[in-house]
Amino acid sequence: MVKVRIWGGLRVHTGGEAEVEVDAQDLRGVVAALGARYPEMKPALEGGVSMSIDGRLYTNRWFEKVRPDSEVVVLPRIVGG
Amino acid sequence: MPKDIATRTFKQVGTRPLRPDGIEKVTGRARFGADFSLPGMLVGKILRSPHAHARILRIDTSAAAALPGVKAIVTAKDFPEADDGLHDIRMNVMAREKALYDGHAVAAVAAVSAAVAREALRLIRVDYEVLPHVTDVDEAMKPTAPILHPHMVTAHESPEAKRPTNVAGKYEFGHGDPEAGFRKADHVVARTFKVEAAHQGYIEPHACVANITSDGQGDLWCCTQGHFMVRAISAGLNGMDLSKLRVTASEIGGGFGGKTTVYIEPVAVALSRKAGKPVKIVMTRDEVFRATGPTHSASIDVKIGATKDGRITGAFAELRYQGGAFPGSLADMGAMAAFACYDLENVRSIGWDVVTNRPKLAAYRAPSAPAVCFAVESVIDELARKMGMDPIDFRLKNAAREGTLSSYGPTYQAIGLEATLRALKAHPHYKAPLKPGQGRGVACGFWFNFGGQTCTSLNIGLDGTVALSVGTPDIGGSRASMCLMAAEELGIPYDKVRCIVADTASLGYNDVTDGSRVTFSSGLATITAARNAIKVMCARAAAIWGIPEDAVEWVDGHARPTGPNAGNFPPLSLADIAAQSHQTGGPIAGHCEVTAEGAGVSFGAHLADVEVDRETGAVKVLRYTVAQDAGKAVHPAYVEGQYQGGAVQGIGWALNEEYVYGKDGRLQNPGFLDYRIPVCSDLPMIDTLILEIPNPGHPYGVRGVGETPIVPPMATIANAIASATGVRMTHVPMSPPRVLKALSEA
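Residue numbering note: each chain is counted from 1, following its sequence as written. Chains carry letters from A onward and ligands carry numbers from 1 onward, assigned in written order. Given that the model is predicted, a residue must reach a pLDDT of at least 70 before its local features are reported, and side-chain atom pairs must reach 80 or more before they are shown or counted; all residues, however, enter totals for whole chains, interfaces and linings.

A look at the overall build of chain B
For chain B, the count of helices and strands is 22 helices and 27 strands. As a reference, a globule follows 2.2 Å times the number of residues to the power 0.38, and the radius of gyration itself is taken over C-alpha atoms. For 746 residues, the compact-globule estimate of 2.2 N^0.38 gives 27 Å, and chain B sits close to it at 27 Å. Counting only C-alpha atoms and orienting by the principal axes, one finds that chain B spans roughly 85 × 75 × 55 Å. Taking all 746 residues of chain B together, 57% fall into the buried category. Here, residue contact means that the backbone-derived C-beta atoms of the two residues sit within 7 Å. For chain B, the proportion of contacts with a sequence separation of at least 24, taken over those separated by at least 6, is 80%. Segments assigned H or I by DSSP are reported as helices when at least four residues long, segments assigned E as strands when at least two residues long, and all are numbered from the N terminus. Exposure criterion: with C-beta atoms placed from backbone coordinates, a residue whose C-beta has 20 or more other C-beta atoms within 10 Å is buried, one with 12 or fewer is exposed, and one in between is partly exposed.

A word on the overall build of chain A
Secondary structure summary: chain A contains two helices and five strands in total. In sequence order, chain A lays out its α and β elements as β-β-α-α-β-β-β. Rg of the C-alpha trace for chain A: 11 Å, near the compact-globule value of 12 Å for 81 residues, within the 12% margin. Considering only C-alpha atoms, chain A reaches an extent of 35 × 25 × 15 Å along its principal axes.

Some details on the packing of helix α12 (residues 369-387) of chain B against helix α21 (residues 713-725) of chain B
Residue and element names in this part refer to chain B. Axis definition: a line fitted to C-alpha atoms, over the contacting stretch in the case of helices. Angles run 0 to 180 degrees between N-to-C directions. Contact geometry of α12 with α21 gives a least axis separation of 8 Å together with a crossing angle of 30 degrees. With respect to the hand of their crossing, α12 and α21 are arranged in right-handed fashion. Contact with α12, carried on its side by Pro370, Cys373, Phe374, Glu377, Ser378 and Asp381, involves Met714, Ala715, Ala718, Asn719 and Ala722 of α21 and no other residues of that element. Residues are grouped as follows: nonpolar covers Ala, Val, Leu, Ile, Met, Phe, Trp, Tyr, Cys and Pro; charged covers Asp, Glu, Lys and Arg; every other residue, Gly included, is treated as polar. Grouping the amino acids of the contact of α12 with α21 by side-chain chemistry returns seven nonpolar, two polar and two charged. Crossing handedness follows the turn of the near helix against the far one: under a right angle anticlockwise gives a left-handed crossing, and clockwise gives a right-handed one.

Thoughts on the interface of chain A and chain B
Of the residues lining the interface, 22 residues belong to chain A; the matching set on chain B comes to 39 residues. Of the residues contributing to the side of chain A that touches chain B, the split by class is 10 nonpolar, eight polar and four charged.

Re unusual backbone geometry
All names here are of chain B. Here the bond from Val732 into Pro733 is cis, since omega is 5 degrees, no more than 30 degrees from zero. The phi dihedral of Leu330 falls on the positive side, at around 65 degrees, and the residue is not glycine. By the element assignment, Leu330 lies in the loop between β14 (312-322) and α11 (331-337). Note on Leu330: 29 C-beta atoms within 10 Å, which makes it buried. Here Asn449, not a glycine, exhibits a phi torsion of approximately 70 degrees, which is positive. By C-beta crowding, Asn449 is classed as buried, having 27 other C-beta atoms within 10 Å.

Comments concerning the sheet that holds strand β2 (residues 54-60) of chain B
Taking strand neighbours across the sheet as the criterion, the three strands line up as β4-β2-β6 (chain B) in an open arrangement whose pairing is antiparallel. In this open sheet, the two strands that pair with only one neighbour each are β4 (98-99) and β6 (125-130) of chain B. Paired strands, in this sense, are two strands between which DSSP finds at least two bridges.

Describing the environment of B:Gly662
Residue and element names in this part refer to chain B. Inspection of the secondary structure assignment puts Gly662 in the loop between α20 (636-655) and β26 (686-691). Classification of Gly662 as exposed rests on a count of 12 C-beta atoms within 10 Å. In the structure, Gly662 is positioned 527 residues away from Thr135 in sequence and 9.4 Å away in space, judged by C-alpha atoms.

A short note on the sheet that holds strand β18 (residues 466-470) of chain B
Residues and elements named next belong to chain B. What the four strands build is an open sheet, ordered β19-β18-β17-β23; its pairing is mixed. With one partner strand each, in any of the chains shown, β19 (497-501) and β23 (588-596) form the two edges of the open sheet. Looking at each pair of strands side by side, their axes are set apart by 15 degrees on average, direction ignored. Direction of pairing for strand β17 (residues 452-460) relative to β18: antiparallel, over a ladder of four bridges.

Digging into the domain arrangement of chain B
By convention, interface size is frequently given as the accessible area that disappears when the constituent parts associate. Residue and element names in this part refer to chain B. Domain annotation of chain B identifies domain 1 (3-29 + 451-596) and domain 2 (419-436 + 602-746). Distance from the C-alpha centre of domain 1 to the C-alpha centre of domain 2: 37 Å. Contact residues are listed per partner, giving 19 residues for domain 1 and 20 residues for domain 2. For the side of domain 1 that touches domain 2, the secondary-structure elements that each account for two or more residues are α1 (3-7), α16 (478-490) and α17 (518-545). In terms of residues, the side of domain 1 that touches domain 2 owes the most to one element, α17, which gives five residues. An automatic or database domain assignment supplies the residue ranges for each domain.

Focus: the pairing of β18(B)
Residue and element names in this part refer to chain B. Burial of β18 is extensive: four of the five residues sit out of reach of the surface. The turn joining β17 and β18, which pair antiparallel and follow one another in sequence, is formed by five residues; a positive phi near 85 degrees is taken by Gly464. Two elements, β18 and β19, share five bridges in a ladder whose sense is parallel. Following the sheet pairing, Leu468 is matched in β19 by Cys499. A right-handed crossover is one whose linking path, passing over the helix from the first strand to the second, runs clockwise when the strands point away from the viewer. Taking the sense of rotation as the criterion, the β-α-β connection linking β18, α16 and β19 turns out right-handed.

Notes on helix α1 (residues 27-37) of chain A
Residues and elements named next belong to chain A. Here α1 has its buried residues at Leu27, Val30, Val31 and Leu34. Taken down its axis, α1 places every buried residue within 95 degrees of arc, on the same side. On its buried side, α1 packs onto β1 (2-6), β2 (19-22), α2 (42-46), β3 (49-53), β4 (56-58) and β5 (72-76). What the arc covers is the set of directions going from the helix axis to the C-beta atoms.

Some details on the packing of α20(B) against α21(B)
The relative placement of two packed helices comes down to the angle between their axes together with the axis-to-axis distance. All names here are of chain B. Their axes nearest at 8 Å, the elements α20 and α21 cross at an angle of 55 degrees. When the axes of α20 and α21 are compared, the pair comes out oblique. Here α20 runs over α21; the crossing is right-handed. The residues of α21 that touch α20, namely those facing Ala647, Gly650, Ile651, Trp653, Ala654 and Leu655, are Pro713, Met714 and Ile717. When its residues are assigned to classes, the contact of α20 with α21 shows eight nonpolar, one polar and no charged. Should an angle fall under 35 degrees it is called roughly parallel, over 145 degrees roughly antiparallel, and 65 to 115 degrees roughly perpendicular, with every other angle called oblique.

Overview of the pairing of β1(A)
Residues and elements named next belong to chain A. Only one face of β1 is covered, namely the face carrying Val2, Val4 and Ile6; the face carrying Lys3 and Arg5 is uncovered. Relative to β2, β1 runs antiparallel, the two sharing four bridges. The partner of Arg5 across the bridge, within β2, is Glu19. As defined by bridge partners, β1 adjoins β5 across three bridges and the pair is classed as parallel. By the bridge assignment, Arg5 is partnered in β5 with Val73.

Quick word on the nonpolar core
Across soluble globular proteins, you tend to see nonpolar side chains buried next to one another. All names here are of chain B. Under the definition applied here, buried Ala, Val, Leu, Ile, Met, Phe, Trp, Tyr and Cys residues are grouped into a nonpolar core through C-beta atoms within 7 Å. Among the nonpolar cores identified, the biggest contains 260 residues, and Val267, Leu319, Val372, Ala486, Ile717 and Ile721 are the most heavily contacted of them. If you count residues domain by domain, this core takes at least three from each of domain 1 (3-29 + 451-596) and domain 2 (419-436 + 602-746). The residues touching Val372, leaving out its near neighbours within four places in the chain, are Ile300, Ala317, Leu319, Gly334, Ala337 and Ala338.

What to know about the environment of B:His156
Here B:His156 lies in the loop between α6 (137-140) and β7 (167-175). Classification of B:His156 as buried rests on a count of 22 C-beta atoms within 10 Å. The spacing of B:His156 and B:Tyr624 is 468 residues in sequence and 41 Å in space, taken between C-alpha atoms. Those residues in contact with B:His156 that lie beyond four places of it in its chain are A:Gly9, A:Leu10, A:Val12, B:Gly169, B:Lys170 and B:Tyr171.

Thoughts on the confidence of the model for chain B
Per-residue confidence from the prediction method is given by pLDDT, with values spanning 0 to 100. Scored by pLDDT, chain B comes out at a mean of 96, with 99% of its residues at no less than 70. The complex model carries a pTM of 0.96, and its ipTM stands at 0.96.

Rendered as structure tokens:
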């Protein structure tokens, strides 16, 4: 199990919980687990999100491993100019 | 951290060679978007809505079609709806049921000349039902506001809020309890700020040539920050297979984020396909201002509390961003960036994404961060003044560091904010005396940076020179940086590497040149491609010598035998190995296909001296210094150029640049005479301090540098004005009339 921190906008789907625990081995698993548990969150997740593991940002890395002690944060998709 | 950063002494990276595209550009031979021509080419022009908000009842193109010389006309009917995720951009490229802003495209023609095309546009009859409009973000959020999209509801809002609205989304970040933090504070400052929209102000208007042949295949040449993105959208909107459309990026006369989307390219493709001839479209400056992405405009509330010894106890910001007629004002990025510079126990930021009857927003260097930085850093400055603290010391006392839980969620790895602030404080500029009427301001800023999909190919020529193909348009000197990194890795001179921006048929997909990503991600791919080519060359040398591949190492551009049983062979240079390649296994190349991650966030701190003319309200920038962490400056002159360019654009936004709308919802200043960007004579030389705190996510420690420099200038200038006059400006741009008004009301 890994603890995942959710940005505030998505907390409406988690009953206000800022941090939830999911069973996942990598970032794809985190997204899949969140979508399965909170179906109303799925459009936002499928629309594209960025994630960070231990402070490092990822935008497109399904298979990046997460450990039970990893700090995982789900964020809006980072864009730039 | 990669071992390269800790142990490597760079020989070429960090030097300042001439840019490879310099001669073409200064002699006028470089080919920009409007420089492409083809035999039999038609001229494409676009009819645009004169109304801010209007229902399109009927479009009659019959008279235009009958005009001799008109070869094709397209409207929204030529871009049928599809479930492809391109809904908004399809609507923006060509208005459907409604025109949503002054300048929204409604039809386009291709004709044998510009004169015929203009006459054809005049003959197209569009019947509009003019609707009430809204261009101000606060007005657009009111329940009584005209609704742009009847089916829009607020995303990420509780279910009971699901009613038609102009508020597309709500985004919230933070931790702790700001209200509890304010109760602990000795000083609390709360203010509301307004920031007007600015345009990216690139000198080269959008331009393209499309040539679609009767077999459904074609080419498109255009100025863009991302030709693979152009291919995806242009092919998608025209129902073409990706492989049937090859897109080639021209040289680019400025982008700054504004050329990360499409406007005219799918239209040119549609017209060319219909006419059976090449079609060229070049936007006028008026069209660029009215129909291409400016930034958001915003209104922002900020409240920050601190103890009398200078520790921030609570921080709150509410951001209302309008991003034009479609969702995507990037209020989420703004809310994330709001307090990213600080180590805070109690912090919350809320961003509202709002639609209005303005052109669809496009990114502009660190999109969304400058406005919120202006608001937050102004309040930080005011708090420091209230407490009598040095503004840099106050920031240092609260600065985010490695291990800080950021206000937007993740815990920071190694970051350079503290170093930039200390560098600024130690700079002679900070201690230089000021005259009466002059003031000094400081502010710091943050941006995320990212990597993205990248594909690079490096080919070794028979003569030992190297052809490097990248898929990221060069908007800031990236070809020179790529050549430096390839030369560094291969151990050959810089001028033996030529870097080109390859077309969409020649490389795998590359994300757009944005997010300050190119030197990071195409650089990472170039280094990897070079290392892959080195592996091949070592293997060839091993075969030539008849020794195992792992008994060969690459040192200073040569393969050398290594280890006790490798034998004693004279080193083979890259040129030696290349010359024999046709007999040792064929061409030698290195490739890299990667989604580059680990770009590393970026911080900068700016310092400005200004003089305020109390009679006219004019603000003159006397001195300006930028300090920023580059990770590793591959070509320091280009890093300095990015710092200077970002600062200048931020100063322009701070002092003059704004979109001015009339009561009719039409843009009043769509030209450089009325939309004033700074020129060289307006500004002092921008001084720069490059800090190098290596990014552990890159083999050379590189961080993106292109966006962060535009983040602090508005706040820096506002704080300098406050220092000079004692008056706190809360509305950007701080143009002479606004400064004069603030001075008279003080």
